[in-house]
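An overview of the molecular structure
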Protein chains: 4
Amino acid sequence: MRLAFNTWVYSSFPIWVPSYPLDETIRRLARIGYDAIEIGAAAPHAYPDYLDAAARAEIRSLLADNGIAVSSMLPAPGGGPGFNVASPLEAERRNAVDQYKKVATLCSDLGGEILLYVAGWQVFGTQQEQAWDWCRAALREVAHHAAGLGVTVAVEPTSADSNLVESCDGALRMMRETEAPNVKVMFDTYHCLYRNEVPTDYVYAMGADLAHVHLADINRGAPGDGRVDYAGLVAALRDVGYDGYLAMEIGFDRRAVEPDNIARRAYDYMKPLVTGVGR
Amino acid sequence: MRLAFNTWVYSSFPIWVPSYPLDETIRRLARIGYDAIEIGAAAPHAYPDYLDAAARAEIRSLLADNGIAVSSMLPAPGGGPGFNVASPLEAERRNAVDQYKKVATLCSDLGGEILLYVAGWQVFGTQQEQAWDWCRAALREVAHHAAGLGVTVAVEPTSADSNLVESCDGALRMMRETEAPNVKVMFDTYHCLYRNEVPTDYVYAMGADLAHVHLADINRGAPGDGRVDYAGLVAALRDVGYDGYLAMEIGFDRRAVEPDNIARRAYDYMKPLVTGVGR
Amino acid sequence: MRLAFNTWVYSSFPIWVPSYPLDETIRRLARIGYDAIEIGAAAPHAYPDYLDAAARAEIRSLLADNGIAVSSMLPAPGGGPGFNVASPLEAERRNAVDQYKKVATLCSDLGGEILLYVAGWQVFGTQQEQAWDWCRAALREVAHHAAGLGVTVAVEPTSADSNLVESCDGALRMMRETEAPNVKVMFDTYHCLYRNEVPTDYVYAMGADLAHVHLADINRGAPGDGRVDYAGLVAALRDVGYDGYLAMEIGFDRRAVEPDNIARRAYDYMKPLVTGVGR
Amino acid sequence: MRLAFNTWVYSSFPIWVPSYPLDETIRRLARIGYDAIEIGAAAPHAYPDYLDAAARAEIRSLLADNGIAVSSMLPAPGGGPGFNVASPLEAERRNAVDQYKKVATLCSDLGGEILLYVAGWQVFGTQQEQAWDWCRAALREVAHHAAGLGVTVAVEPTSADSNLVESCDGALRMMRETEAPNVKVMFDTYHCLYRNEVPTDYVYAMGADLAHVHLADINRGAPGDGRVDYAGLVAALRDVGYDGYLAMEIGFDRRAVEPDNIARRAYDYMKPLVTGVGR
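The text that follows walks through the structure, step by step, so that each part is easy to find. Small disclaimer: the values here were computed from a predicted structure and weren't measured. (Residues numbered from 1 in each chain as written. Chains lettered and ligands numbered in written order. Predicted model: local features only at pLDDT ≥ 70, side-chain atom pairs only at ≥ 80, totals over all residues. Heavy atoms only, no water.)

Some words on helix α9 (residues 259-275) of chain A
Where we set the bar: Strands here mean DSSP runs of E at least two residues long; helices mean DSSP runs of H or I at least four residues long; both are numbered from the N terminus. Given the number of residues in a helix, its expected span is that number minus one, multiplied by 1.5 Å. Whether two residues touch is decided by their heavy atoms; if any such pair falls within 4.5 Å, the residues are in contact.
The first and last C-alpha atoms of α9(A) sit 24 Å apart over 17 residues, in line with the 24 Å expected at 1.5 Å per residue. Lining the buried residues of α9(A) we find β1 (2-6), α1 (22-32), β7 (210-215), α8 (230-239) and β8 (245-248) of chain A.

Some points on the relation of the copies chain B and chain A
To be explicit about the condition: Alignment of copies: least-squares fit on C-alpha atoms of residues with pLDDT of at least 70 in both copies.
The operation relating chain B to chain A is a screw motion whose rotation component is 180 degrees, with 0.0 Å of axial translation and a residual RMSD of 0.1 Å. What the rotation and shift describe, once combined, is the action of a two-fold rotation axis. Among all residues of chain B, the minimum C-alpha distance to the rotation axis is found for G79(B), at 2.0 Å. Here 100% of the contact residues of chain B are again contact residues in chain A; the copies associate through an equivalent surface.

Some words on unusual backbone geometry
Stated precisely, the cut-off is as follows: For every residue, the accessible area (1.4 Å probe, protein chains only) is compared with the maximum for its type, and the residue is labelled buried under 20%, exposed over 50%, or partly exposed between those bounds.
Residue P14(A) is reached from F13(A) by a cis peptide bond, and omega for that bond is -5 degrees. Inspection of the secondary structure puts P14(A) in the loop between β1 and α1. Backbone geometry at N219(A) places phi at a positive 60 degrees, although glycine is not the residue there. Among the structural elements, N219(A) can be located in the loop between β7 and α8. A relative accessible area of 58% means that N219(A) is categorised as exposed. Phi angles above zero are rare outside glycine, and F83(B) is one such case at about 55 degrees.

Examining the pairing of strand β5 (residues 152-156) of chain C
Quick note on the threshold: Seen with its strands pointing away from the viewer, a crossover is right-handed when the path leading from the first strand over the helix to the second is clockwise.
Most of β5(C) sits out of view: 4 of its 5 residues are buried. The parallel pair β5(C) and strand β6 (residues 183-188) of chain C, bridged by helix α5 (residues 168-178) of chain C, forms a crossover whose chirality is right-handed.

Points about the environment of M1(C)
Residues and elements named next belong to chain C. Mapped onto the secondary structure, M1 falls in the segment before β1 (2-6). Taking C-alpha positions, M1 is 9.9 Å from D35, a pair spaced 34 residues apart along the chain. Those residues in contact with M1 that lie beyond four places of it in its chain are V234, L237, R238, Y242, G244, L246 and V274.

Side note on the relation of the copies chain B and chain C
Once chain B is rotated about the relating axis by 89 degrees and shifted along it by 1.2 Å, it coincides with chain C to within an RMSD of 0.1 Å. Viewed as a symmetry operation, the transformation between the two copies matches a four-fold axis. Proximity to the rotation axis, assessed at the C-alpha, singles out D225(B) in chain B; its C-alpha lies 11 Å from the axis.

Observations concerning the interface of chain B and chain C
Counted only if it meets this: The term buried area denotes the loss of accessible surface (1.4 Å probe radius) that occurs when two parts are joined, taken as the sum for both partners. The salt bridge criterion pairs a side-chain nitrogen of Lys or Arg with a carboxyl oxygen of Asp or Glu, the two atoms within 4 Å. The definition of a polar contact used here is a pair of N or O atoms within 3.5 Å, where within protein one atom must be able to donate a hydrogen and the other to accept one, and adjacent residues in sequence count solely through side-chain atom pairs. Under the grouping applied here, Gly and all other residues not named as nonpolar or charged are polar, the nonpolar ones being Ala, Val, Leu, Ile, Met, Phe, Trp, Tyr, Cys and Pro and the charged ones Asp, Glu, Lys and Arg.
On the side of chain C, 12 residues touch chain B, which itself brings 11 residues to the contact. Of the roughly 960 Å² buried where chain B meets chain C, counting both sides, 39% is carbon and sulfur surface. Inspection of the chain B/chain C interface yields 2 salt bridges. Viewed at the interface, chain C and chain B are joined by 4 residue pairs in polar contact (both at pLDDT 80 or more). Counting residues per element, the ones that place at least two in the side of chain B that touches chain C are α1 (22-32) and α9 (259-275) of chain B. Broken down by element, the residue count for the side of chain B that touches chain C peaks at 3 residues, all from α9(B). The residue inventory of the side of chain B that touches chain C, partitioned by class, reads 5 nonpolar, 1 polar and 5 charged.

Considerations on the interface of chain B and chain A
Contacts between the two partners involve 41 residues from chain B, matched on the other side by 41 residues from chain A. At the junction of chain B with chain A, the criterion picks out 0 salt bridges. The interface formed by chain B and chain A includes 20 residue pairs in polar contact (both at pLDDT 80 or more). At the level of secondary structure, the elements contributing two or more residues to the side of chain B that touches chain A comprise α1 and α3 (90-109) of chain B. For the side of chain B that touches chain A, the residue count by class is 23 nonpolar, 13 polar and 5 charged.

What follows is the structure in structure tokens.
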């Protein structure tokens, strides 16, 4: 298992400041020791429309120079354009699918192989079955595009933020109904906590279909500063043979944060656990 | 003075849920009694690219049917596209200006005459003077476009969220340097509180240049549930002859909220103050 | 709309003390002014196996003498026998269905017409689809039995306590799939709060299928002592033409409670709202 | 002294979820290192009516395969059937005695030799002397049945939950009055804390009659995470020659818990204390 760090806390999403350019962020995370960076597709880092071929080549070169990989990418839902794949507005659903495709391509251009899929949310007045169908149709289209790039799409249950794919079983059901071989599932310990559920239950239920893991504790704090049992979680991940990334998605929900600090605390706490002889 | 309500808490920005369609939101705010609605340019309500001429005509008709006006509009900064007018990325600055123009046009199409201007924020590595210049250049271009529509642009100091135009004087300086007659200023009691400043100081300093007012109390709570002195504020506004809107921008920073409740509480508290014999 | 009070806080479930006999509880609630009592099927009040025909006749007579009706009944899940309709143990599922039937019969014997259906929960290792199927099969059998008694079965989403029927849409889907005319839905404001959702959203979505309502605020506190907007809720219930009960299900999760006090506070707060001229 | 772990936190009592099947629970506790398991007689683990001879043989075989013993069993009071041995309802008292007998038999079938006796509670309107008499009569009948199985009945003062046998002396008096050689006493550090009493006082007072010990700290937290002096407690237990089990009864009063985590923390903290050279 390798450690990655999600860039939200260094970006302008969802909180505008503090904000660092992508090159600065790459250098800092590599220096702390991370194996990889999970890049959110938000300004000023990686909104696809803002990055032409030259800019992408430059980022890739910078990643190589710093010895750090791209573990994964994800869009930034909820801003002006929404990107809600289950929106009642057809124009928004269309744009959301396009954005996911653009992020998949950008991910591939930067050497990443995992695209996270936030399954949208129900707006008042939309039947759940209808929202589910829109979400699944969008996922199929995104997955087809991603397959051509060798990118796996990982469905994430986001109970703390949304109301459609909220649970372990919800993500698994969405995955199965999509019937696409490059669609898998993932989970985030923060969302497990929101549901008062046990992270290892997700590990055993997702098993071989588990393609990615997000770590965050209560209040989006760093592992070690909350109440999740990371030793037990790593043991369970070994039980099911997981060899992907553990990506910290922390600290981004507040302005009063020192990104390097939270990144370093998380790394220092998790590194011994994933390299422990107890494996 | 008339009362308006900002739509964020009914939309998917910045928190995804709860979320209501725009027609539902218009009907509910009109039923509570608001004179006007301040529409945020975010999905699923009013992202300009998602609304063609027919959709705009339909909204305008719905507003008329419900006897409620559009007081103002504003973009939703901070999501994927950023819309930071002071971004170090030229592509983002370009896109931000375009978005402001689109929102100005949409505002006009819906009968509104005020466009709020969030003056961007400094990303690490950008000199403040440079950020300021980019912000001013963008404002000039936006103001020129808005002037053709009869729309006034109100610069808002947003100290709680940003780091560029943070104060009463910052907003006034930005306004003056722009040298455009349709650029004015506004303030939000919430940002005053963040700086531990006195809202009526803003009223007297901004005086005849005050084009719009946002009301919100600590934690973006409703007027009456916090610590701002609204009676004093209304008296000061009368002193300077303000006859614009008081727009509640509240409750949108959390998921645990009943939008109708916060809208009704704010209305019930403010309505007697603005219609009081004390004028 | 009439006001009812749920008996848990006066019983030995789930907290053993304080505990009052049923006759004492009936007299106290009638004296406070409640129109009806919602009787939980737990000792020492109304575990069906403990009440023969004579005891049932005596209770019915006592209810009549005190001028108070039975609004509804519900089983007490989670103790020794579990009564989890989605249990992996066939013996437990069988026993759960039997218990629901017994409670339906007891409800009818006491003059009640609503049986609440707690839809069970997933035990580790059970697939959600499997749990759902078991739950639905049990509901069909219970509903068939209840139909013969003129009893309506109301499916309650219990997000705070369970993990199967958690949401408004989940309850509606379970209702529809059962295809039984006497199966309806209900909601509890406490569970809405647990999901950070808006109670009136449940009212409008459930509409004509809404057969019962539970009121409780954060920490199972009385209406008026928390944050739910009851004025808005009553208005929404009138919008959809609801004329059933509002049953307080409060205070039962702690030992440090005075049942009469919490019952009186809730009544005094809600009574003016439901009799208000604003209807 | 050997370490055991009580299954409530893995079961559906009193909180419904998380919930694990008994086989999973046995395997997990054995893996952590526990010598024994204390099995609560609640679904889905071990409600006697749900376990036929074949199921009991299977559990016994699984225990042997995992090298873990059954330290003890106890009923789950407070749900629908109550199982209050001091209930004013004769039918409930009768059923409670039957349930205790069934649990004693099941305990014996699984190789356990200790049955915990929760001495019931007073319902409003019952005189304490009357409740005491009912409790003692029930205990005599249960003890007689248990004697035939070689099972010891340990009376537990449960001050935090009940109002009848609340103290060290209350338990000893109940034991003596029963005049049955297989009736002994036990205590739980959590109930000592509730009374602001000193656990070692219980050890010295109960002395040779001490048949079982429950460990739990404030808020039913794991030993080591609260304020009980476990080193002193172990020393006192050695003073009186105690060679029974220390059973953790923790974490079961909340939904937000990782059972493995709390079980591992408790084990890791207590194991060195009970194997320490200080003996």
